[in-house]
2 protein chains.
Amino acid sequence: MISETLRAELRAALPPETFVEGDALAGRAAGWSRRDGIQAALLARPASTDEVAAVLRICHAHRQPVITHGGLTGLVHGADTTPSDLVLSTERLRAIESIDPAQRVAVVQSGVTLQAVQEAADAQGLAFPLDLGSRGSATIGGNASTNAGGNRVVRYGMTRDMILGVEAVLADGTVIPAMNRLIKNNAGYDLKHLFIGSEGTLGVITRLVLRLREKPARQDVAMVAVPGFDEIVALLKHMDRALGGSLSAFEAMWPEFYELVTTPPAKGRPPVPHGHPLYALIECSGGGSPADAERFSSALEQAMEQGLVADAAIAQSQAEAAAIWALRDDVGQTMRDSPPVTFDVSLPIDRMPGYLDEVRPALAKRFPGSLLWVFGHLGDGNLHLVLKPAMPASQARPDAEAIVYSALRALGGSVSAEHGIGFEKKAWLDVSRSPAEIELMRSLKACLDPQGILNPGRIFSL
Amino acid sequence: MISETLRAELRAALPPETFVEGDALAGRAAGWSRRDGIQAALLARPASTDEVAAVLRICHAHRQPVITHGGLTGLVHGADTTPSDLVLSTERLRAIESIDPAQRVAVVQSGVTLQAVQEAADAQGLAFPLDLGSRGSATIGGNASTNAGGNRVVRYGMTRDMILGVEAVLADGTVIPAMNRLIKNNAGYDLKHLFIGSEGTLGVITRLVLRLREKPARQDVAMVAVPGFDEIVALLKHMDRALGGSLSAFEAMWPEFYELVTTPPAKGRPPVPHGHPLYALIECSGGGSPADAERFSSALEQAMEQGLVADAAIAQSQAEAAAIWALRDDVGQTMRDSPPVTFDVSLPIDRMPGYLDEVRPALAKRFPGSLLWVFGHLGDGNLHLVLKPAMPASQARPDAEAIVYSALRALGGSVSAEHGIGFEKKAWLDVSRSPAEIELMRSLKACLDPQGILNPGRIFSL
């Protein structure tokens, strides 16, 4: 528990509205899909960088573990707490400080939601191209800490690629004001990369400079049926080449998933008929020239002539495009009856068929009567596997993990393409990282957080 | 000097062809435009990662400074040596290990030249989009260590954005095999960013996984005259928006530079007449559809209608496109009579007119009779300033630096957009980085290279 001395020091340094405890704290949900409350000795809600620094300085002196909370939409239990933890919530760091349409940057505090960033950019004719289902709750600080991915990585990269600068507070309260606003800045080490994707273990991000893009004036969307895996790889390359930089999504679906989301009780209807080996959702985001639609459809026609596409439905309206996207997004169908076991892996594209040929029968054998749905961001090598076992998911998880993750080891695959490691995947980190890499991660942790107070135990143990 | 013990240990651990010394060493040029020879006690040319590790392990035990040499095309004196240094050259790490057209990655050793990488990708219908004038000599390891920029950053980013994984050897000989091949891999800290852009001070890069792109099938290029600075900013935004991801270069030239490279004795001729306030070279790289050219010219027509372009010459052939690019690349004109003083800075785009209004008269006053040429990658906020003073460049440099760099301080500008810091800009690092950032850089250096043997004294002093 938190000592009375520490509590008193915090209360002396920060205004009373900073703190939440007791019933008010226990009444807060521990995550967006969870019924249990936050377990912690105290929750601090600093309202400025200086206040974040004050909390950390005091906790550092007392060796008090501090767990940072953003929107609590993480998927790897990185924000889980214990009754003796202090939670640092970014919920009062909600300012969008500026949007600069000429420089095309936004300066925001880390507790701003992704959706608020998107809307503020949109209002200036710009776009912040990161997008995720949890956009309304997820904070940009959390997106940065976990290097979130999403649907448009093939065009715009991960969150890391959309961040120009960060301000972060180290464990001892030192503020690192690396608020670079420039696309090119080779003046010494690029320190922001320490804080992006390190899941809050090296510092608390308080402010960010985000790179904005011109808003695409037009989107063309198609759902296509593909005769086989070699063809879908060739199709990805063909569309990427033909669209010359405008390809903005390439999402693959294996038949079981496509059929699930286009068969009642799911609301979706199949834009192309069932019965094909693979399906792809393809999106092109262009400048709005009438030539865009023509280029998109002629690229698809060429693909059909080359035998890369068996059937195609091109959306003829925004409503049709939205209906196609709704299929990809209807992951809720996998959770219809009971919670499934979900995986977020990546691997070299040419290894995917062999990987699925290994994992699919192994899962079927271990979990008789189970279902397996596969879909993902093929353009980025990222697959989501969703297993619905005939037993409670929590009971199936350990053996399912062993099957899904172990097979990645020989393929140079990743146990976490976009969700991070947290506590959930910690035991499997060594599938994707060598002992020397993990040792270097430990050295960095010891260098930046020598007491080990920031999100301790996530990713790896000290 | 290197002790006999150290020399003997190195010779015992590595084959004789590893070493160059004496006259053979002194006869090697210290850099591509330099007449002086390399000063060093010994040059080691390891032929494998293990041999690099052996050199470093031994030097670490003896606290022997090691300076890594790639193609020696750096522009900030980062590869300068003293007679007591040991040089580690990557010249025998020349293997292109594999090119994978499906995964679109190349695996190469760090001593491969940029041009060799470009050509190997091209042979597979792919492109490695980094490009620099020194492509024939510069090594990919050097490009990575300095996070090189170039002409197509607006579309593809810096070298950092084109690297998926690196293998690096730490000062003590530990090999960090972070050879990730995946676009998405959030399994723990992304360690490659420690080695990219840190100018060889944190480790020696030995191998890399490079991200390749589909080769653009067609390029459209124009030189346009622009009526003013507000218009060129609006033009950049307009073209970026209209071309929907296909804009691949946007290079600005102020009139003095445009006139220099289009007036005899320069070989270039002006595609649009002299007499305008600004000029821009615009390039679009597309998929080869006939609609590409139409979209490019109609986007430029719209810009003319909006008053953003006063005159435009669209290349009608590859030869005309090459002639337009040759103007931008004819930086040699600034070196015609005597060496100039060149600067590579970046700053927020809306601050550029004010910055030039401050710097231009200050330089003219301090250096009567001098000339100043300005051009740069406007899409990235990167300006090159070239001063030709009426005195030797070496004599003018200190005061010119004070004028050019000091004015960046208040603007959040960078003293090094793409060239790095090395020794040359070390004294000015604090213009672009805060004391807390520089202190954190020092902590990282101490963590990864506790003896301080790797490229010591570059970027900052310990």
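All figures in this text were calculated on a predicted structure; none of them were measured in a lab.

**Overview of the packing of aromatic side chains**
Phase 1 of the analysis: Considering all chains together, one arrives at 12 aromatic pairs over all chains under this definition.
Phase 2 of the analysis: Here the guanidinium or amino end of A:Arg397 rests over the ring plane of A:Phe343, the centre of that ring lying 5.9 Å away.

**Notes on the relation of the copies chain A and chain B**
Phase 1 of the analysis: The two copies are related by a screw motion: chain A maps onto chain B through a turn of 180° and a shift of 0.0 Å along the axis, at an RMSD of 0.0 Å. Here the symmetry operator amounts to a two-fold rotation axis. When each C-alpha of chain A is compared by its distance to the rotation axis, A:Gly245 comes out closest, at 2.3 Å.
Phase 2 of the analysis: Take the interface residues of chain A: 98% of them recur as interface residues in chain B, which is what a same-surface contact looks like.

**Description of the pattern of salt bridges**
All names here are of chain B.
Phase 1 of the analysis: In the structure shown here, the tally under the stated rule is 64 salt bridges over all chains.
Phase 2 of the analysis: Here Arg366 and Asp399 are joined by a salt bridge, their closest N and O atoms 2.5 Å apart. Here Arg366, found in helix H12 (residues 352-366), pairs with Asp399, found in helix H13 (residues 393-409); they are 33 residues apart in sequence, far enough to count as distant.
Phase 3 of the analysis: Classification of Arg366 as partly exposed rests on a relative accessible area of 33%.
Phase 4 of the analysis: Asp399 gets classed as partly exposed once you look at its relative accessible area, which sits at 33%.
Phase 5 of the analysis: The shortest N-O distance in the salt bridge between Glu424 and Arg397 comes to 3.4 Å. In this pair, Glu424 is assigned in the loop between H13 and helix H14 (429-432) and Arg397 in helix H13, connecting sequence segments 27 residues apart.
Phase 6 of the analysis: A residue is classified by how much of its surface remains accessible, and Glu424, at 17% relative accessible area, is buried.

**Considering the sheet that holds strand S3 (residues 66-69) of chain B**
All names here are of chain B.
Phase 1 of the analysis: Reading across the sheet, the 4 strands line up as S1-S2-S4-S3 and stay open at both edges, with mixed pairing between neighbours. Only two strands of the sheet have a single partner each, and these edge strands are strand S1 (19-20) and S3.
Phase 2 of the analysis: Looking at chain direction, S3 and strand S4 (residues 86-89) are connected through 4 bridges and run parallel. Across the sheet, residue His69 finds its bridge partner in S4, namely Ser89.
Phase 3 of the analysis: Docked against the sheet, helix H3 (residues 49-61) engages strand S2 (42-44), S3 and S4, running at close to 165° with respect to S4.

**What about the interface of chain A and chain B?**
Interface size is often expressed as the accessible area that is lost when the parts come together.
Phase 1 of the analysis: Across the contact, 94 residues belong to chain A and 92 residues belong to chain B.
Phase 2 of the analysis: Together, the buried faces of chain A and chain B total about 6,800 Å²; carbon and sulfur atoms form 56% of this surface.
Phase 3 of the analysis: On the chain A side of the interface with chain B, the three residues burying the most area are A:Lys184, A:Asn186 and A:Tyr189, jointly 15% of the side's total.
Phase 4 of the analysis: Taken together, the connections running from chain A to chain B amount to 12 salt bridges.
Phase 5 of the analysis: Seen at the junction of chain A and chain B, the total is 42 residue pairs in polar contact (both at pLDDT 80 or more).
Phase 6 of the analysis: Elements with a minimum of two residues in the side of chain A that touches chain B: helix H6 (153-156), strand S9 (175-178), helix H7 (192-195), helix H8 (229-242), strand S14 (278-286), helix H10 (291-305), helix H14 (429-432) and helix H15 (435-448) of chain A.
Phase 7 of the analysis: A per-element tally of the side of chain A that touches chain B places H15(A) first, with 9 residues.
Phase 8 of the analysis: Here the residues of the side of chain A that touches chain B are counted per class, giving 37 nonpolar, 34 polar and 23 charged.

**So, the nonpolar core**
A general feature of soluble globular proteins is that nonpolar side chains tend to end up buried together.
Phase 1 of the analysis: Counting 194 residues, the largest nonpolar core has A:Phe195, A:Tyr355, A:Leu385, B:Phe195, B:Tyr355 and B:Leu385 as the members making the most contacts within it.
Phase 2 of the analysis: The dominant element in this core, judged by the number of residues it contributes, is H13(B), at 8 residues.
Phase 3 of the analysis: Residues within four places of B:Leu385 in sequence aside, it is in contact with B:Val341, B:Thr342, B:Phe343, B:Val345, B:Tyr355, B:Leu356, B:Val359, B:Leu372, B:Trp373, B:Val374 and B:Val404.

**A short note on the sheet that holds strand S1 (residues 19-20) of chain A**
Backbone hydrogen bonds are what pair the strands of a sheet, in a parallel or an antiparallel way.
All names here are of chain A.
Phase 1 of the analysis: The strand order across the open sheet formed by 4 strands is S1-S2-S4-S3, and the pairing between neighbours is mixed. Looking at the sheet topology across the chains shown, the edges are occupied by S1 and strand S3 (66-69).
Phase 2 of the analysis: Bridge count for strand S2 (residues 42-44) against strand S4 (residues 86-89) is 3 bridges, and the pairing is parallel. By the bridge assignment, Leu43 is partnered in S4 with Val87.
Phase 3 of the analysis: The strands touched by helix H3 (residues 49-61) within the sheet are S2, S3 and S4, with S4 carrying the most contacts at an inclination of about 165°.

Rules behind the numbers
Residues numbered from 1 in each chain as written. Chains lettered and ligands numbered in written order. Predicted model: local features only at pLDDT ≥ 70, side-chain atom pairs only at ≥ 80, totals over all residues. Heavy atoms only, no water. Phe/Tyr/Trp six-rings, centres within 6.5 Å; stacked < 30°, edge-to-face > 60°. Lys NZ or Arg CZ within 6 Å of the ring centre and 35° of its normal. Least-squares fit on C-alpha atoms with pLDDT ≥ 70 in both. Contact = heavy atoms within 4.5 Å. Salt bridge = Lys/Arg side-chain N within 4 Å of Asp/Glu carboxyl O. Helix = DSSP H or I, 4+ residues; strand = E, 2+ residues; numbered from the N terminus. Buried < 20%, exposed > 50% of the residue type's maximum accessible area, 1.4 Å probe, protein only. Pairing = 2+ DSSP bridges. Axes fitted to C-alpha atoms, helices over the stretch in contact; angles between N-to-C directions. Buried area = accessible area lost by both parts, 1.4 Å probe. Polar contact = N/O pair within 3.5 Å; in protein donor to acceptor, adjacent residues only side chain to side chain. Nonpolar A, V, L, I, M, F, W, Y, C, P; charged D, E, K, R; others polar. Core = buried A, V, L, I, M, F, W, Y, C linked by side-chain atoms within 4.5 Å.

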